[in-house]
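Okay, here's what each chain looks like letter by letter:
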Amino acid sequence: MNTSKAVLEKVRLSIGKGEPFSFDIQRDDLIDPIISGNKWRKLKYNLLKAEELFKLGVLTFGGPFSNHLIATAKAAHHFNLKSIGIVRGNELNQDSNATLKACPDFGMNLIFISRSEYQRKDDPYFLKELSSKYPDYFIVPEGGKNYYGVIGCQHILKETDNDYDHIYLAGGTGTTAAGVVLSVPDKTTVNLVSALKGDFLEKEIKQLLYLVLNDNQLVDEYMQRLNVVNDGHFGGYAKVPEELLDFINTIYSKIQLKLDPIYTGKAFYKLVNDFENGTIKVNDKVLFIHTGGLQGAQTWKDKIDFL
Ligand SMILES: *Cc1c(COP(=O)(O)O)cnc(C)c1O
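Here goes a summary of the coordinates provided.

Calculation notes
Every chain is numbered on its own, with residues counted from 1 as its sequence reads. A pLDDT threshold of at least 70 governs which residues receive local features in this predicted model, and a stricter bar of 80 or more applies before side-chain atom pairs are shown or counted, although totals over entire chains, interfaces and linings include all residues. Excluded from the side-chain calculation are hydrogens and water; included are all heavy atoms of the structure. One bridge is not enough; two strands pair if DSSP finds at least two bridges between them. Only DSSP runs of H or I reaching four residues or more are called helices, and only runs of E reaching two or more are called strands; each is numbered from the N terminus. Working convention: axes come from line fits to C-alpha atoms, limited for helices to the stretch in contact. Angles between N-to-C directions cover 0 to 180 degrees. By definition, residues are in contact when any of their heavy atoms lie within 4.5 Å. Each salt bridge in this description consists of a side-chain nitrogen of Lys or Arg and a carboxyl oxygen of Asp or Glu lying within 4 Å of one another. The classification of residues rests on relative accessible area computed with a 1.4 Å probe and restricted to protein chains. Under 20% of the type maximum is buried, over 50% is exposed, and intermediate values are partly exposed. Classification of ring pairs uses Phe, Tyr and Trp, with its six-membered ring standing for Trp, and accepts pairs whose centres are within 6.5 Å; under 30 degrees between planes counts as stacked, over 60 as edge-to-face, and the remaining range as tilted. Any Lys NZ or Arg CZ that is within 6 Å of a ring centre and within 35 degrees of that ring's normal is treated as a charge sitting over the ring. Between N or O atoms, a polar contact is any pair within 3.5 Å; within protein, one atom must be a potential hydrogen donor and the other a potential acceptor, and residues adjacent in sequence are included only when both atoms are from side chains. Crossover handedness is defined here as right-handed if the route from the first strand over the helix to the second strand goes clockwise, with the strands pointing away from the viewer.

By definition, the strands of a sheet pair up through backbone hydrogen bonds, in either a parallel or an antiparallel sense. Read from one edge of the open sheet, four strands run 5-4-3-6, paired in parallel fashion. At either margin of the open sheet sits one strand with a lone partner, and together these are strand 5 (108–113) and strand 6 (137–139). Between one strand axis and the next, the sheet turns through 25° on average, direction left out of account. The strands touched by helix 2 (residues 67–78) within the sheet are strand 3 (57–62), strand 4 (82–88) and strand 5, with strand 3 carrying the most contacts at an inclination of about 170°.

Read from one edge to the other, the open sheet built from six strands follows the order 1-2-10-7-8-9, with strand pairing classed as mixed. Every interior strand has two partners, whereas the edge strands, strand 1 (8–13) and strand 9 (226–229), have only one. The average angle at which neighbouring strand axes cross in this sheet is 25°, direction not considered. When strand 8 (residues 189–194) meets strand 9, the two strands line up parallel, connected through four bridges. Within the sheet, the bridge partner assigned to V193 lies in strand 9 and is V229.

Counted under the stated rule, the structure contains 19 salt bridges. R41 serves as the salt-bridge partner of D28, at 2.7 Å between the closest nitrogen and oxygen. Pair noted here: D28 is in the loop between strand 2 (21–27) and helix 1 (38–52) and R41 is in helix 1, with a separation of 13 residues, a long-range link. Both residues of the pair, D28 and R41, count as buried.

Turning our attention to the packing of aromatic side chains. The full count for this structure, using the stated rule, is 14 aromatic pairs. Both rings, one in F21 and one in F275, keep their centres 4.5 Å apart while their planes meet at 10°; by these two values the pair is stacked. Residue F21 is found in strand 2, and its partner F275 is found in helix 11 (residues 264–276); the two are separated by 254 residues along the sequence. With respect to burial, F21 and F275 carry one shared label: buried. Connected via pairs of aromatic rings, a cluster forms that spans F21, F23, F234, F247, F268, Y269, F275 and F288. When the ring centre of Y263 is taken as reference, the NZ or CZ atom of K39 above it lies at 5.7 Å. Above the face of the Y118 ring, R88 is positioned so that its terminal group lies 5.7 Å from the ring centre.

So, on to the environment of T176. Tracing the backbone shows T176 in helix 7 (residues 175–183). Given a relative accessible area of 5%, T176 falls into the buried group. Separated by 82 residues in sequence, T176 and Q94 have C-alpha atoms that sit 28 Å apart. Here the side chain of T176 touches N38 through a polar contact of 3.0 Å, side chain to side chain.

With that settled, the discussion passes to the pairing of strand 3. Of all six residues in strand 3, six are buried; the element is thus mostly enclosed. Neither face of strand 3 is left uncovered, since the one carrying G57, L59 and F61 and the one carrying V58, T60 and G62 both have all their residues buried. Alignment of strand 3 against strand 4, held across six bridges, turns out to be parallel. Residue pairing in the sheet places G57 in a bridge with K82 of strand 4. For the segment spanning strand 3, helix 2 and strand 4, crossover handedness is right-handed. The sheet contact formed by strand 3 and strand 6 spans three bridges and is parallel. Bridge pairing links L59 to I139 in strand 6.

What follows is the structure in structure tokens.
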């Protein structure tokens, strides 16, 4: 992976008959095709911590199509660390899909557990059992959602002027957004479009901010910069309606930007919508953070023009 590839791109996009919109895109998707974008940002300091603790490897968790799981496998390999991936679903095996097939190629040892057991992934007793079973492994939570993950995401805007009025990005665990919120000036609104149904993200991000700030009042101040969008998920995590696929194809035909239907497509849709409905004012400076994720889009390759 190569963070110097994560260039800032200036874009002009016209949709329909209106004036074209101008904004920037932080192309974190270019860092690496597999350790896509924000996954590298979240893993970097976790892997350095594992090295610092003289661990032989890292252990983490993911669903069967998890971008995080395969990113961990490749990034750990790059650091000469071993990796263990605990996968949700004991009916699966490493031949079940392309994501799972690729993990062992990077040396990841996959362990399949039942959905009910997987629910204990953050349970301190379960984690204690795992660390006594695998004492040489540093445990990274699902999605890289911990202190080190947040710290890595504070670097995303380093090569921008970091003076935006609006930033748009997609959210799963909210770890990336927590890092971004910590690194922007007061005037910036960070619009986080949740890929999942539900209204849990705000609370999760508060907890992540607290890990860094250790002060509830400060957490509340930083939360003012955040706008969680809970109605942009198009029906839920892996629900991909035609309308969203059409949108992704349209954007590709106009500006050759590749979006995925689980995360970035939904966030980009919200950005276009906010330009159209006037939420974004004429002279506002706007940034879209492309967090990657095309690895996971292969499932829809028959319906996405550039796959
Ligand atoms: C994992 C992922 C996200 C979610 O990031 P969080 O830090 O968990 O909110 C967003 N976009 C893409 C493309 C992803 O793969």
